[in-house]
Amino acid sequence: LAARIAIAVTPIAESGGAPEGRDVCSSAVMAGRARISTDFRADAHGFVRFALAHDDVSPDQLGVLCQRILEIETYRMFALMSLPLARQTGTMVQQ
C-alpha cells in the first residue's frame, strides 16, 4: 500500500475554496475555525489532495488536523483494498 497525500494549508481569507468542476467533500471542523475539502481522487501525479483552510488556528492544532486527515485517508485506502473481496464474498452469500 502506498499513499501520496498533499495537504495545502491556508488562511480562510486566502483560500480559493473547493476545486471547481469536481465532486467535493467538505467539512467544517474546530467549531467552524477550519474547513477541510477533498475530492478523494488521485491527481496526475498520484496525490490525493486535501485543502485545509483555517482562521486563527494554532500550529499545534493544525498539526493535529493534518494527522487526522492522514489517518482518515489511510483507513479509507485500507477499506478500498478489501472491497473486491467483500464484493466476491457478497455474491457467494447471495447464492
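Residues numbered from 1 in each chain as written. Predicted model: local features only at pLDDT ≥ 70, side-chain atom pairs only at ≥ 80, totals over all residues. Heavy atoms only, no water.

J.: Which residues make up the overall build of the protein chain, and what are the values?
T.: Across its full length, the protein chain holds two helices and four strands. Shown N-terminal to C-terminal, the secondary structure of the protein chain runs as helices and strands in the order β-β-β-β-α-α. In the protein chain, which comprises 95 residues, the share counted as buried stands at 19%. For the protein chain, contacts bridging at least 24 residues in sequence account for 46% of all contacts bridging at least 6. With an accessible surface of roughly 6800 Å², the protein chain has 56% of that area assigned to carbon and sulfur atoms. (Helix = DSSP H or I, 4+ residues; strand = E, 2+ residues; numbered from the N terminus. Buried < 20%, exposed > 50% of the residue type's maximum accessible area, 1.4 Å probe, protein only. Contact = heavy atoms within 4.5 Å. Areas by Shrake-Rupley, 256 points an atom, 1.4 Å probe, with all protein chains shown as cover.)

J.: So what about the pairing of strand S2 (residues 25–29)? Which residues, and what values?
T.: Here S2 pairs with strand S3 (residues 34–42) via five bridges, running antiparallel. Each bridged residue has a counterpart across the sheet, and for Ser 27 the counterpart in S3 is Ile 36. (Pairing = 2+ DSSP bridges.)

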